[in-house]
Amino acid sequence: MLETLNITIIGAGIGGLAAAQVLATRGAKVTVLEQASEVSEVGAGLQVSPNGLAVLRAMGLEQPLVSSGAVLAEKIWLKDYQGAGVLPLDLAKTPEQKYYFLHRSDLINVLLDGAREAGVEVLLSQQVKAVQNGGRPTATLAGGATHEADLIIGADGVHSVVRGALNGPQEPFFTGHVAWRAVVPNSFGRLNDVQVHMGPKRHLVSYPLRGGKELNLVAVQERDQWLSESWSQQDDPANLRAAFDDFGEDARAMLAEVQAVHQWGLFRHDVAARWQDQGLALLGDAAHSTLPFLAQGAVMALEDAWVLGQSLEGAGSLEQGLQAYQSQRITRTKRVVKAATGNAWKYHLSFLPMRFAAHTALRLGGRVAPSLMLKQFDWLYGHDVTQS
């Protein structure tokens, strides 16, 4: 069936480009509409866990990913905000499950090359203002031009026009958290570990990028103020340093290197009730945005892309394929969103006795049963959608 379809994807991000390649290699004619004048990504790091790597491997992109400067993770360090070790998790003990750290723009470039090699047409400066369903779905651009297709996929993020067309207007709610992100030179000898400094109502995550040349920083603080959800909002690095000035020397040293920083408010969007109808479908953040406390936003988009292609390829009709796609993805993504939301409080314990008890339990668990600490997320990292 895919060989008869003309598919338009809105958004040349991770999910959109992955879906474009997956669908094109199965025979569909695929066009990607990107509102920017070039395919790029605001500088930041991300993590590709084993379940995401399984998709990239099946797409033939594992080696390009490694060649892009991705760093193979070997250890996760949970630390007290003053720098004392709480729990080390040795990823080298599970060599069959590989975790990579990489720059978001590097993954975008790998996916873009893969999509174009598959015959995908990527059109730039195409801002979609609305989509209409019924009969043959149509995307209306900012200048008034229209673009028709058999299937229009909204991979257009949390402010998706396709989500609005399928589910109507929905307001997100502020979680009471704001986040900063920055990339600094790795002058700390960090090779292949992710560190999480956990403090009262705050935490700081750091890990190396680009062969260890850079260090990605993500800092989160609980706040009452309502901030924009935009990823492009900049802040003064001095504000970031002031918010974490009671953290230990190692954390402050990393923050001292920050020259430019972006800040955004963390908002919760409910997982969309309707992911598809006739000739419209949702993918990635447009369907199920997740808070950054489990590092699964990009990976869930990769899983979506594969399952969508698999569902359409094996279906007798477009309607059946889209229904199969939603039914296979909605339960898993809801579980991931819930788990990510629940992780925040674990990093931000403020009440000293509670924090002491929690950290003591983690230390004890790491000594007595370190393998069990890793296995608690087997349901997530051990799941391979390409083998389903």
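Going by the structure above, here's the rest.
Reading guide: rules and limits
Residues numbered from 1 in each chain as written. Predicted model: local features only at pLDDT ≥ 70, side-chain atom pairs only at ≥ 80, totals over all residues. Heavy atoms only, no water. Helix = DSSP H or I, 4+ residues; strand = E, 2+ residues; numbered from the N terminus. Buried < 20%, exposed > 50% of the residue type's maximum accessible area, 1.4 Å probe, protein only. Polar contact = N/O pair within 3.5 Å; in protein donor to acceptor, adjacent residues only side chain to side chain. Pairing = 2+ DSSP bridges. 1 Å grid on protein atoms, 1.4 Å probe; cavity = no way out; pocket = protein on both sides within 12 Å on 5 of 7 lines; lining within 4 Å. Points joined across faces, edges and corners; volume = space filled by probe spheres on them. Nonpolar A, V, L, I, M, F, W, Y, C, P; charged D, E, K, R; others polar. Axes fitted to C-alpha atoms, helices over the stretch in contact; angles between N-to-C directions.

Colleague: Honestly, the overall build of the protein chain in this entry has me stumped. Any pointers?
Modeller: Of the regular secondary structure elements, the protein chain holds 13 helices and 20 strands. Every one of the 388 residues in the protein chain was classed for burial, and the buried ones make up 54%.

Colleague: Help me understand the environment of His-103 in this model?
Modeller: Along the chain, His-103 turns up in strand S7 (residues 100-103). Of note is the side chain of His-103, whose polar atom sits 2.8 Å from the side chain of Ser-105.

Colleague: Quick question: what am I supposed to make of the sheet that holds strand S2 (residues 29-33) here?
Modeller: Picture the strands of a sheet paired through backbone hydrogen bonds; they go either parallel or antiparallel. Spatial strand order, S8-S2-S1-S12-S20-S19: six strands in an open sheet with mixed pairing. Both edges of this open sheet fall to strand S8 (121-123) and strand S19 (276-277), since each of them pairs with a single strand only. Bridge analysis of S19 against strand S20 (residues 280-282) gives two bridges, and the strand direction is antiparallel. The residue of S20 that forms the bridge with Asp-277 is Leu-280.

Colleague: Looking at this structure, how should I read the layout of surface pockets?
Modeller: Think of a ball as big as a water molecule: rolled over the atoms, this probe shows where empty space is left. Taken as a whole, the second largest pocket spans an internal volume of roughly 320 Å³. What lines the second largest pocket is a set of 15 residues, among which Val-158, Gln-170, Glu-171, Pro-172 and His-269 lie closest to the centre. Taken together, the residues of the lining of the second largest pocket break down into four nonpolar, six polar and five charged.

Colleague: Just to check I follow, could you spell out the sheet that holds strand S9 (residues 128-132) for this structure?
Modeller: Spatially, S9-S10-S11 is the arrangement adopted by the three strands of the open sheet, whose pairing is antiparallel. The sheet is open, and its two edges are formed by S9 and strand S11 (146-148), each paired on a single side. If you compare each strand with its neighbour and ignore which way they point, the axes differ by 20° on average. Where S9 lies against strand S10 (residues 138-141), four bridges are found, and the strand directions are antiparallel. Across the sheet, Val-131 pairs through a bridge with Ala-139, a residue of S10.

Colleague: What exactly am I supposed to notice about unusual backbone geometry here?
Modeller: Even without being a glycine, Lys-201 presents a positive backbone phi close to 60°. Note on Lys-201: relative accessible area 44%, which makes it partly exposed. Although it is not a glycine, Arg-210 sits at a positive phi angle of roughly 50°. Residue placement: Arg-210 occurs in the loop between strand S15 (202-209) and strand S16 (214-222). Overall, the relative accessible area of 26% leaves Arg-210 in the partly exposed class.

Colleague: Could you clarify how one ought to interpret the pairing of strand S13 (residues 173-185) in this entry?
Modeller: Taken residue by residue, a regular strand's side chains alternate between the two faces of the sheet. Here seven bridges tie S13 to strand S18 (residues 261-268), and the two strands are oriented antiparallel to one another. If you follow Phe-173 over to S18, its bridge partner there is Arg-268. As paired strands, S13 and S16 are joined by nine bridges and run antiparallel to one another. In the strand pairing of S16, Val-183 is matched with Asn-216.

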